[in-house]
Amino acid sequence: MVADKAKKPKVAEKGEEEESDHIDGELVLSIEKLQEIQDELEKVNEEASDKVLEVEQKYNEIRRPVYEKRNEIIKSIPDFWLTAFLSHPALGDLLSEEDQKSFGPNPHFEDTKLTKTFTFFDEGTTKITGTTIKWKEGMDIANGGNHEKKGSKRPIAEESFFSWFSETQQKDISEGIHDEVAEIIKEDLWPNPLKYFNNEADEEDIEDIDGDDDDDDDDEEVTRNDNTAALDVQPNFLVVVRQFLIAMLVLDTWQYFMHRYMHHNKFLYRHIHSQHHRLIVPYAFGALYNHPLEGLILDTIGGALSFLLSGMSPRISIFFFSFATIKTVDDHCGLWLPGNLFRVFFRNNTAYHDVHHQLYGNKYNFSQPFFVLWDRILGTYMPYTLKKRDGGGFEVCPSTDYKVD
């Protein structure tokens, strides 16, 4: 009995070993099959990479003449590339004041074209070459040239953007090739520089640039800092002027036709617009004294259209609508103030709008708040003269050579 009991564990151990060998064999077979599938996927991926490269090369050739056309137009726009660089949230901070001078008639170096090339070899290395800049005498800003001495000391030289072209070396791809400046220029600035020239880049675009490598908390902090810097970028002055003019024309056009329609439609005038015309003698506080529906139609919708069609940013719109509101208040103030710049630059002024609030001018001078363009074009313009009152001040009345219908 004792002998039988001793034999049973040995039989059990033998059975477990055979089962374990069977499981290990199945596992090895599964891994081998999985490796075959993975090798097949690698071949497909290699073929896909080759096809993508062929397509990229094909469309690079198609893009080339289009880029050349774009370059010809850019040459006619003053400071185009400088403005685009300065408006870019990442590249703008890289340009010193001396660097910026090199974008125009170049006082620093003789080269008319600077290049930096990345060459990738099959053995896994990358060669980086750049233009050796031919600096004019004493103008090597990349190495601290062109700095005036103050006393016996020379000021510390600012790091120049152009030193980037001299950063050349050969690297193994396994070390990681990452040139942030080249990547931003190639992937973001070069495809659409007009976006930055017009200062139309929004926060989502900026986050796309900075968010590709955000794998840890440090990278996220850099992104937040970049986004904050983007908000501080000042738009190009000429772009702001263009946006203001477009917004003014859009707002004037909308308000002229809506305003005139409210005078000609008896129902709208009686129940809505007449509330504003209770002010026969306008005053500043009553500038926006009107029916809520009139405020929605003329001001809210008109303002939204001028904002959208001009393409201005929310920040610029704050200044525009503040300016428009101040102009509207001045038009209704009833005061002919000396030195008033609104009176100097705009024919649509206090006296012009005061005519509209008189009974004889109720069907004239509909334009507001900036120009008198539509009144002149459509025959609703009523000229005026100012007469001094005996008790002081002025009185506005139609010109003597103008016949009121």
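Before reading further, recall that the structure is shown in the block above.
Residues numbered from 1 in each chain as written. Predicted model: local features only at pLDDT ≥ 70, side-chain atom pairs only at ≥ 80, totals over all residues. Heavy atoms only, no water.

Engineer: Looking at this structure, I do not really get the overall build of the chain. What am I missing?
Structural biologist: Counting secondary structure elements, the chain contains 14 helices and 5 strands. Classification of the 405 residues of the chain by burial places 33% in the buried group. Pairs at least 24 residues apart make up 56% of the contacts formed inside the chain by residues separated by at least 6 positions. Element-wise, carbon and sulfur atoms account for 57% of the exposed surface of the chain, whose accessible area totals about 26900 Å². (Helix = DSSP H or I, 4+ residues; strand = E, 2+ residues; numbered from the N terminus. Buried < 20%, exposed > 50% of the residue type's maximum accessible area, 1.4 Å probe, protein only. Contact = heavy atoms within 4.5 Å. Areas by Shrake-Rupley, 256 points an atom, 1.4 Å probe, with all protein chains shown as cover.)

Engineer: Any chance you could explain a nonpolar patch on the surface here in plain terms?
Structural biologist: A cluster of nonpolar side chains, Leu 249, Phe 257, Leu 373, Ile 377 and Leu 378, forms an exposed patch at the surface whose accessible area comes to about 430 Å². Going through the elements one at a time, α8 (237-264) and α14 (373-377) are the ones with two or more residues in the nonpolar patch. Inspection of the secondary structure assignment puts Ile 377 in helix α14. (Patch = residues over 30% accessible without salt bridge, like charges linked within 9 Å, V, L, I, M, F, W, Y side chains within 5 Å. Salt bridge = Lys/Arg side-chain N within 4 Å of Asp/Glu carboxyl O.)

Engineer: Honestly, a negative patch on the surface in this entry has me stumped. Any pointers?
Structural biologist: A grouping of Glu 32, Glu 36, Asp 39, Glu 42, Glu 46, Glu 47, Asp 50 and Glu 54 is seen on the molecular surface, where their side chains present a negatively charged patch. Summarising the element assignment, Glu 46 is placed in helix α1 (residues 2-74). (Lys, Arg positive; Asp, Glu negative; His and termini not counted. Charge placed at Lys NZ, Arg CZ, Asp CG, Glu CD.)

Engineer: Whenever I open this one, unusual backbone geometry confuses me. Can you help?
Structural biologist: In this structure, Pro 369 follows Gln 368 across a cis peptide bond, with omega equal to 0°. Of note, the phi angle at Asp 79 is positive, near 55°, even though the residue is not glycine. The topology assignment puts Asp 79 in the loop between α1 and α2 (80-87). Positive phi values are uncommon outside glycine, yet Asn 365 reaches one of about 55°. Secondary-structure assignment places Asn 365 in the loop between α13 (350-357) and α14. Its relative accessible area of 0% is what places Asn 365 among the buried residues.

Engineer: Is there a simple way to think about the packing of α8 against helix α11 (residues 314-331) in this case?
Structural biologist: Relative orientation and spacing of two packed helices are given, respectively, by the angle between their axes and the distance between those axes. Taken N-terminus to C-terminus, the directions of α8 and α11 make an angle of 45°; their axes are 11 Å apart at the nearest point. Taken together, α8 and α11 sit at an angle that is classed as oblique. The two elements α8 and α11 meet at a crossing, and its hand is right-handed. Counting all contacts with α8, which are made through Val 240, Gln 243, Phe 244, Ala 247, Met 248 and Leu 251, the residues of α11 involved are Ile 316, Phe 319, Phe 320 and Phe 323. Considering only residue class, the contact of α8 with α11 consists of 9 nonpolar, 1 polar and no charged. (Axes fitted to C-alpha atoms, helices over the stretch in contact; angles between N-to-C directions. Parallel < 35°, antiparallel > 145°, perpendicular 65-115°, else oblique. Left-handed = near helix turned anticlockwise from the far one by under 90°. Nonpolar A, V, L, I, M, F, W, Y, C, P; charged D, E, K, R; others polar.)

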